[in-house]
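Each chain, written out:
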Amino acid sequence: MVLRINPSILASDFANLEAELGRIANADLAHVDVMDNHFVPNLTLGLPVVERLQQVSPIPLDLHLMIDDPEHWAPLYAETGAYSVTFHAEAASDPVRVARSLRERGARAGIALKPGTEASDYLELLPEFDMVLVMTVEPGFGGQSFIASTMPKLTVLADAVRASGLDVWLQVDGGINDDTIAIAAEAGADTFVAGSSVFGAESAAAQIDHLRALATQHAHGHR
Ligand code: DX5
Ligand code: ZN
């Protein structure tokens, strides 16, 4: 199975984003956290910055929109040329409409679930999505501890994806490090976001390779 490591630039030096993207050129996608200080109590960056990142990044962008009103904003982010755009289920009144607007613009469509949001309402919508993001911390900040009680939800999703035969990626985001990546891989994740664990390492590139090796070892052991 194909596994992906997507470093979160939230943990990088915001004064040197182009150079920081260069440190993770061996990763699969660059995870970009967009926060609006409404959906989450934190503010990061918006469309103009994402447009520039898209131009200078050596790898495709994986946008994680922690914002209200994805019906309005998500298609505009897809129009930047982002490879993947993920919006929050809790913020969307019509997730299928948002997903279709993303795919129409050539982006992969992702839906994110906060730790307390059940997967059951979304299983029948899987054909509309290219990725489900199971948040393993409360969205809003990097550097938090992994919430292991989200793993049964991930396994429910992994079983549903396998049974459907669809190519839906399962992403985990928050508190992913050398220890927790094994737990998430065993529970069925295939796409791993890591912020502080990658950008806090002396060699971000070496840490990406290390995380990929750990995930591969544990995913293959289980599935
Ligand atoms: C949290 C963000 C995460 C965050 C992960 O709201 O969605 O992407 O950057 O950071 P770490 O890996 O440090 O938990
Ligand atoms: Zn994120």
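It should be emphasised that the depicted structure is a prediction, and the values quoted were computed from it without experimental measurement.

Close contact between helix α3 (residues 70-78) and helix α4 (residues 95-104) brings their axes to 9 Å; oriented N to C, the two are set at 15°. Relative to α4, α3 is oriented roughly parallel. In the packing of α3 onto α4, the handedness of the crossing is right-handed. Here Pro70, Glu71, Ala74, Pro75 and Ala78 of α3 come into contact with α4, specifically with Arg97, Val98, Ser101 and Leu102. Across the contact of α3 with α4, the residue classes tally to 6 nonpolar, 1 polar and 2 charged.

In this structure, the largest pocket occupies an estimated 270 Å³ of space. Lining of the largest pocket is provided by 25 residues; of these, Phe141, Gly142, Gly143, Asp173 and Gly174 occupy positions nearest its centre. Residue assignment for the lining of the largest pocket shows that the elements contributing at least two residues are β2 (30-35), β3 (61-66), β8 (191-194) and α7 (196-199). When its residues are assigned to classes, the lining of the largest pocket shows 11 nonpolar, 11 polar and 3 charged.

Take the pattern of salt bridges next. Evaluation of the coordinates by the stated rule reveals 10 salt bridges. Arg212 is paired through a salt bridge with Asp28; the nearest N and O atoms lie 2.7 Å apart. Here Arg212, found in helix α8 (residues 204-222), pairs with Asp28, found in the loop between α1 (17-23) and β2; they are 184 residues apart in sequence, far enough to count as distant. In this structure Asp28 comes out as partly exposed when scored by relative accessible area, which is 25%. Connected via shared salt-bridge partners are Asp28, Asp209 and Arg212.

Conventions adopted
- Position numbers for residues start from 1 in each chain and track the written sequence from start to end.
- Both sets of labels track the order of writing: A upward for chains, 1 upward for ligands.
- Given that the model is predicted, a residue must reach a pLDDT of at least 70 before its local features are reported, and side-chain atom pairs must reach 80 or more before they are shown or counted; all residues, however, enter totals for whole chains, interfaces and linings.
- The basis for every side-chain value is the complete set of non-hydrogen atoms in the structure, without hydrogens or water.
- The angle between two axes is taken between their N-to-C directions and runs from 0 to 180 degrees, where each axis is a line fitted to C-alpha atoms and a helix contributes only its stretch in contact.
- Secondary structure elements are taken from DSSP: a helix is a run of H or I of four residues or more, a strand is a run of E of two residues or more, and numbering for both begins at the N terminus.
- When an angle is under 35 degrees it counts as roughly parallel; over 145 it counts as roughly antiparallel; between 65 and 115 it counts as roughly perpendicular; any other value is oblique.
- By convention, the crossing between two helices is left-handed when the near helix turns anticlockwise from the far helix through less than a right angle, and right-handed when the turn is clockwise.
- In what follows, residue pairs with any heavy atoms lying within 4.5 Å of each other are defined as contacts.
- Each residue is assigned to one of three groups, with Ala, Val, Leu, Ile, Met, Phe, Trp, Tyr, Cys and Pro labelled nonpolar, Asp, Glu, Lys and Arg labelled charged, and all others, Gly among them, labelled polar.
- Using only the protein atoms, space was sampled on a 1 Å grid; points where a 1.4 Å probe fits but cannot get out form cavities, open sets with protein on both sides within 12 Å along at least five of seven lines form pockets, and lining residues are those with an atom within 4 Å of a point.
- Grid points are joined across faces, edges and corners, and a volume is the space filled by probe spheres set on the points.
- Salt bridges are defined as contacts in which a side-chain nitrogen from Lys or Arg sits within 4 Å of a carboxyl oxygen from Asp or Glu.
- Only protein chains enter the accessibility calculation, which uses a 1.4 Å probe; a residue whose area is less than 20% of its type maximum is buried, one above 50% is exposed, and one in between is partly exposed.

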